Amino acid sequence: MIRKRRINNPFDFAFGIMYNEYAKELHEELEIPGIFRRKSNVKVRRKNGKVLEMDASYVVDPDFKELFESAVVNLEHQSTLVDDSKIIIIGDYNIQQISDERLPPLNVIASHLNEEKSVKEYKRTPTYSTKLMFLDLGPQNNQKRLSNVSNIINYHEESITINNALNLGIIVLFAPRDNARAITRQVVSLYKKIKNKPKKLEYVLYSVITAMIDAYFDDEDEFQELMEMINNETEDEVIGKFETEIISENKIRELKQELEVFASENEQVVSENSQLRSENEQVVSENSILKAEIQELKNQLNNK
């Protein structure tokens, strides 16, 4: 039986959970240049007045390997190819970041897709371009991460770190789509083997893995099977927190949709009012011309 998905934009949701709770560790495990310092503003007001949000924005210090001065990172999770419209938006993000931090931007794209078909550079002026750095998160990288974390959990479970465990979220989020269900099953099995997980780590991993189960499994029976497996190894408090987060996310989405409808209707009303004002101005102008002509006729009659 085909099931209805519970989470809107599960990939963005999963990425957001990891960044919000473990920004430094995510930066390190994705092997992005620089040393994480702190988070930065993610809200951007574009020239058309619309406010957008970056997936992740943060300041890094030089590592003196690839990065030799401080920078502000714009980390974008992409489940689709980067096209012209997306890279233009990223360029607008950079303008906001430079204004906020007075630092050069570093645009990083995290995606399971091969970068070859994506736009990598957009020339905005003769001397300024928006350029992108693509992380290698393809099938080989995914398999390497899975092998490494499997080895740690199966043979050295007592020494697993937050960074090690966070790879379970990275693996399932960036899984090659043609093999995502099999990889998700492996990740669920590994999650079950981690004992004495810190509450925050358990919440993050449970949320990310559950979101990906929701994204990859259309069959209701398969979905319920995996959810039973992961729920049996997760504290009720964590499950309750996740359910509350989902309800909140869905409510926010509904409110945003209502606001978009209202904004669209408001724009239409404004447009109609503008048109009415224009028509009214035209009528007033025509009336003025008629009054002038009538006055001219009166003057002619009086002069006879």
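This is a predicted model, so every value here is computed, not measured.

A.B. asks: Explain the overall build of the protein to me, and be specific about the residues and the numbers.
C.D. replies: For the protein, the helix and strand inventory stands at eight helices and nine strands. By the burial criterion, 43% of the 304 residues in the protein qualify as buried. When contacts within the protein are restricted to residue pairs at least 6 apart in sequence, those whose partners lie at least 24 apart make up 69%. Counting every atom, the protein has about 17700 Å² of accessible surface; 49% of that belongs to carbon and sulfur.

A.B. asks: Give me the layout of surface pockets: which residues, what numbers.
C.D. replies: The computed volume of the second largest pocket comes to approximately 280 Å³. Residue lining of the second largest pocket: 14 residues in total, with E29, E31, N141, R145 and N167 positioned closest to the centre. When grouped by side-chain class, the residues that make up the lining of the second largest pocket number five nonpolar, four polar and five charged.

A.B. asks: Tell me about helix α2 (residues 84-101), and please be specific about residues and values.
C.D. replies: Look at α2: 26 Å from first C-alpha to last across 18 residues, which is about the 26 Å you get at 1.5 Å a residue. Those residues of α2 that sit buried are K86, I87, I89, I90, G91, D92, Y93, N94, Q96, Q97 and E101. R102, located one to two residues past α2, shows a positive phi value of around 55 degrees.

A.B. asks: Can you tell me about the pattern of salt bridges, naming the residues and giving the values?
C.D. replies: The final tally for this structure, using the stated rule, is 12 salt bridges. A salt bridge links R37 to D61; the nearest nitrogen and oxygen atoms lie 2.6 Å apart. Taken as a pair, R37 in strand β1 (residues 35-39) and D61 in strand β4 (residues 56-61) lie far apart in primary sequence, 24 residues in all. Close ionic contact of D92 with R46 constitutes a salt bridge, the shortest N to O distance being 2.8 Å. Of this pair, D92 sits in helix α2 while R46 sits in the loop between β2 (43-45) and β3 (51-53); the two residues are 46 residues apart in sequence, bridging distant segments of the chain. Assessed through its relative accessible area of 11%, D92 is described here as buried. What makes R46 partly exposed here is its relative accessible area of 22%. Three or more residues are tied together by salt bridges with common partners; here these are R46, D92 and R124.

A.B. asks: Go over empty space enclosed by the protein with me, naming the residues and quoting the values.
C.D. replies: As enumerated under the stated definition, the model contains one cavity of 30 Å³ or more in all. Reported here for the largest cavity is a volume of approximately 40 Å³. The wall of the largest cavity is formed by Q78, T80, L81, V82, I109, S111, L113, N114, E115, S118 and F134. The residue inventory of the lining of the largest cavity, partitioned by class, reads five nonpolar, five polar and one charged.

A.B. asks: Which residues make up unusual backbone geometry, and what are the values?
C.D. replies: Positive phi is not limited to glycine here, since F64 has a value of about 60 degrees. Relative to the helices and strands, F64 is located in the loop between β4 and β5 (71-77). Given the relative accessible area of 57%, F64 is considered exposed. The backbone phi angle of N196 is positive, close to 55 degrees, even though this residue is not glycine. Judged by relative accessible area, which is 78%, N196 ranks as exposed.

A.B. asks: Requested: an account of the nonpolar core, with residues and values cited.
C.D. replies: Formed by 67 residues in total, the largest nonpolar core has its most connected members in L75, I209, M212 and Y216. Counting residues per element, this core draws most heavily on helix α6 (residues 199-216), which supplies 12 residues. Aside from chain neighbours lying at most four places away, what touches M212 is P10, F11, A14, V172 and L173. Residues V82, I90, L132 and F134 belong to the second largest nonpolar core, which totals seven residues.

A.B. asks: Describe the sheet that holds strand β9 (residues 133-134), listing the residues and the values that go with them.
C.D. replies: The pairing of strands in a sheet happens through backbone hydrogen bonds and is either parallel or antiparallel. In spatial order, the strands read β1-β4-β5-β6-β9; together these five strands make up an open sheet with mixed pairing. The sheet is open, and its two borders are formed by β1 and β9, each paired with just one other strand. As paired strands, β1 and β4 are joined by four bridges and run antiparallel to one another. In the strand pairing of β4, I35 is matched with D61.

Criteria and cut-off values
Residues numbered from 1 in each chain as written. Predicted model: local features only at pLDDT ≥ 70, side-chain atom pairs only at ≥ 80, totals over all residues. Heavy atoms only, no water. Helix = DSSP H or I, 4+ residues; strand = E, 2+ residues; numbered from the N terminus. Buried < 20%, exposed > 50% of the residue type's maximum accessible area, 1.4 Å probe, protein only. Contact = heavy atoms within 4.5 Å. Areas by Shrake-Rupley, 256 points an atom, 1.4 Å probe, with all protein chains shown as cover. 1 Å grid on protein atoms, 1.4 Å probe; cavity = no way out; pocket = protein on both sides within 12 Å on 5 of 7 lines; lining within 4 Å. Points joined across faces, edges and corners; volume = space filled by probe spheres on them. Nonpolar A, V, L, I, M, F, W, Y, C, P; charged D, E, K, R; others polar. Expected span 1.5 Å × (residues − 1). Salt bridge = Lys/Arg side-chain N within 4 Å of Asp/Glu carboxyl O. Core = buried A, V, L, I, M, F, W, Y, C linked by side-chain atoms within 4.5 Å. Pairing = 2+ DSSP bridges.

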